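Analysis of the macromolecular model
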Amino acid sequence: HRDTQETLAVLDRLDLDTDKPSEEELARKFGFEDDYFSGNLSWWQKTKPKLWSLFDEPYSSQAAKVIGVISVFFICVSILSFCLKTHPDMRVPVIENVTVQTAENTTVWTLDKKATNAHEAFFYIECVCNTWFTFEILIRLIASPNKFMFLKASVNMIDFIATLSFYVDILLQKFASHLENADILEFFSIIRIMRLFKLTRHSSGLKILIQTFRASAKELTLLVFFLVLGIVIFASLVYYAERIQANPHNDFNSIPLGLWWALVTMTTVGYGDMAPKTYVGMFVGALCALAGVLTIALPVPVIVSNFAMYYSHTQARAKLPKKRRRVLPVEHVRVGPVVSPPKRGGGPNDMNRGPGPKMGNDAPNSTTNGTSKGSDRPSNKITGF
């Protein structure tokens, strides 16, 4: 029961409700319930919860669903544009004139491809997408109930950094394009791909998945620890095993190279770029593969059970009325005063009982079976336990 209460409390924090919140709940959430009950709500106090529900709670109304669809559309277009602009067919070569010295000691002009840039259309697509992202995050920041908690959320931090990286990229292209290592700075634009985590606001399944990893942090840490332990052991073993016999095509020239092979083998990936050639090395490789299967298979059922637990609770909770979804406090076991049982007269164990009121044979109008003389009706006196 206590485990279930903890699970329901976690689901409450995840905010998986798809029902429209009432005006009283919104007023309590934004901290002006006193003005709501007194009827003194200002224009901004009435508009702020509506803006928040419109941009942050996709299931609160039909308009919020439309805003959510638009947001998901721009996220998908931005990710697709980010991936397609790296394709060779989508890039435009940068041509420059170069002076070349010929064999006849003459100079001629020729065209040389210096570099390739993404097509100009991708820039305008990103401008449109980031304009929407900037507008959306500003509205959500202004209308948020708690701005500190809003900025502290990991998804909002990713959104801020991804949007800021676009404007920083524009400034670098304008003022730092002449630098030799300016292309390296474009690597930081990879943060834009993290916008996929914004889809957690539109999918309860992603929220449950992230919460599953949080709840399974100990199991994941244990899994990584076992893998690291096995990788170091088998990398060392295969390094020395390949040196026992004559092996002109030895792939394991050092233990650090063996670490990569042990990682690939224990995770059952098996790229085949490195493989043992000797019989002793093959035996070590077989042990490494078996140990990897067992190491990964042991903690995984715990993670799967955590996901199944959260998912089943979410499905059951969604079928309940919203007023019955609250988490009740756990009641503690009440311990009453200890009452010693009264003694019965005529028993053989009377000498072992503690002092107490005399009953049974000492009562003038009662018998040993608890009924009064001259009447078949049971007596009200307690005769024993």
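Residues numbered from 1 in each chain as written. Predicted model: local features only at pLDDT ≥ 70, side-chain atom pairs only at ≥ 80, totals over all residues. Heavy atoms only, no water.

**Some details on the overall build of the protein**
Each helix and strand counted, the protein has 14 helices and two strands in total. If you take every contact in the protein between residues at least 6 apart in sequence, the share linking residues at least 24 apart comes to 60%. When the accessible surface of the protein is split by element, carbon and sulfur atoms take 64% of a total near 26,100 Å². (Helix = DSSP H or I, 4+ residues; strand = E, 2+ residues; numbered from the N terminus. Contact = heavy atoms within 4.5 Å. Areas by Shrake-Rupley, 256 points an atom, 1.4 Å probe, with all protein chains shown as cover.)

**Here we look at the packing of helix α4 (residues 43-56) against helix α6 (residues 120-143)**
For any two helices packed against each other, one specifies the inter-axial angle together with the distance between the axes. Contact pair α4 / α6: the axes reach a minimum separation of 9 Å and the direction vectors enclose 135°. On the basis of their axis angle, the class for α4 and α6 is oblique. When the axes of α4 and α6 are compared, the crossing they make is left-handed. The segment α4 lies against α6, with Trp44, Lys48, Leu51, Trp52, Phe55 and Asp56 engaging Trp132, Phe135, Glu136, Ile139, Arg140, Ile142 and Ala143. In terms of residue class, the contact of α4 with α6 is made up of nine nonpolar, no polar and four charged. (Axes fitted to C-alpha atoms, helices over the stretch in contact; angles between N-to-C directions. Parallel < 35°, antiparallel > 145°, perpendicular 65-115°, else oblique. Left-handed = near helix turned anticlockwise from the far one by under 90°. Nonpolar A, V, L, I, M, F, W, Y, C, P; charged D, E, K, R; others polar.)

**Re the UniProt feature "transmembrane region" (unreviewed entry) in the protein**
Taken from the UniProt record, the annotation "transmembrane region" (unreviewed entry) applies to residues 63-84, 121-143, 220-240, 252-271 and 283-311. Annotated as residues 63-84, this span is 100% helix and 0% strand, and its ends, taken at the C-alpha atoms, are 32 Å apart. Secondary structure content for residues 283-311 is 93% helix and 0% strand, and the end C-alpha separation is 43 Å. (UniProt positions renumbered as here; feature names shortened; annotations may be inferred.)

**Structural notes on the nonpolar core**
Ranked by size, the top nonpolar core spans 14 residues in total, and within it Phe234, Trp261, Ala262, Met266 and Cys288 carry the most contacts. Elements with a minimum of two residues in this core: α11 (217-241), α12 (255-266) and α13 (279-297). With seven residues, α11 is the single largest residue contributor to this core. When near neighbours in sequence (up to four residues on either side) are disregarded, Phe234 contacts Trp261, Ala262, Met266, Val284, Leu287, Cys288 and Ala291. Residues Phe55, Phe74, Phe133 and Ile139 belong to the second largest nonpolar core, which totals nine residues. (Core = buried A, V, L, I, M, F, W, Y, C linked by side-chain atoms within 4.5 Å. Buried < 20%, exposed > 50% of the residue type's maximum accessible area, 1.4 Å probe, protein only.)

**Here we look at the pattern of salt bridges**
A full pass over the atoms with the stated rule returns four salt bridges. With a shortest N-O distance of 3.9 Å, Arg195 and Asp159 are connected by a salt bridge. One end of the pair, Arg195, is in the loop between α9 (182-185) and α10 (204-215); the other, Asp159, is in helix α8 (residues 154-175), with 36 residues separating them in the sequence. Taking relative accessible area as the criterion, Arg195 reaches 1% and is therefore assigned buried. What makes Asp159 buried here is its relative accessible area of 1%. (Salt bridge = Lys/Arg side-chain N within 4 Å of Asp/Glu carboxyl O.)

**Remarks on the side chain of Thr134**
Examined against the element boundaries, Thr134 turns out to sit in helix α6. At a separation of 2.8 Å, a polar atom in the side chain of Thr134 contacts the side chain of Tyr167. When near neighbours in sequence (up to four residues on either side) are disregarded, Thr134 contacts Thr163 and Tyr167. (Polar contact = N/O pair within 3.5 Å; in protein donor to acceptor, adjacent residues only side chain to side chain.)

**Examining the packing of aromatic side chains**
This structure, assessed with the given rule, holds 12 aromatic pairs. Note on Phe123 and Tyr124: the rings are 5.6 Å apart at their centroids and 70° apart in plane angle, and the pair reads as edge-to-face. Here Phe123 falls in the partly exposed class, since its relative accessible area comes to 36%. Between Phe252 and Trp261 the ring centres are 5.4 Å apart and the planes differ by 85°, which places this aromatic pair in the edge-to-face class. The exposure classification of Phe252 matches that of Trp261, with both residues buried. Following the ring pairs from residue to residue traces out a cluster consisting of Phe55, Phe73, Phe74, Trp132 and Phe135. (Phe/Tyr/Trp six-rings, centres within 6.5 Å; stacked < 30°, edge-to-face > 60°.)

**Some remarks on the environment of Leu164**
Turning to its location among the elements, Leu164 is positioned in helix α8. With 34 residues separating them along the chain, Leu164 and Asn130 place their C-alpha atoms 9.3 Å apart.

**Digging into the packing of α11 against α13**
One can describe the packing of α11 onto α13 by two numbers: an axis separation of 9 Å at closest approach and a directional angle of 175°. Between α11 and α13, the angle falls in the class roughly antiparallel. On α13, the residues that touch Leu223, Phe226, Leu227, Phe234, Leu237, Val238 and Ala241 of α11 are Val280, Gly281, Val284, Leu287, Cys288, Ala291, Thr295 and Ile296.

**Some details on the side chain of Ser81**
Counting through the fold element by element, Ser81 comes out in helix α5 (residues 62-84). Excluding anything up to four places from it in sequence, Ser81 contacts Phe122, Ile125 and Glu126.

**Description of the environment of Trp52**
Here Trp52 is to be found in helix α4. Contact partners of Trp52, with chain neighbours within four places excluded, come to Lys29, Phe30, Glu57, Arg140, Ala143, Ser144, Pro145 and Phe150.

**Concerning the confidence of the model for the protein**
For the protein, the average pLDDT comes to 76, and 74% of its residues sit at 70 or higher. Confidence over residues 346-385 falls short of pLDDT 50; this stretch has 39 contacts with residues more than four positions distant or in other chains. (pLDDT = per-residue confidence, 0-100.)

**Observations regarding the pairing of strand β2 (residues 107-118)**
With 11 bridges joining them, strand β1 (residues 91-101) and β2 adopt antiparallel strand pairing. Paired with Val98 across the two strands is Thr110, which belongs to β2. The loop that links β1 with its antiparallel partner β2 comprises five residues; one of these, Asn105, has a positive phi angle of about 60°. (Pairing = 2+ DSSP bridges.)

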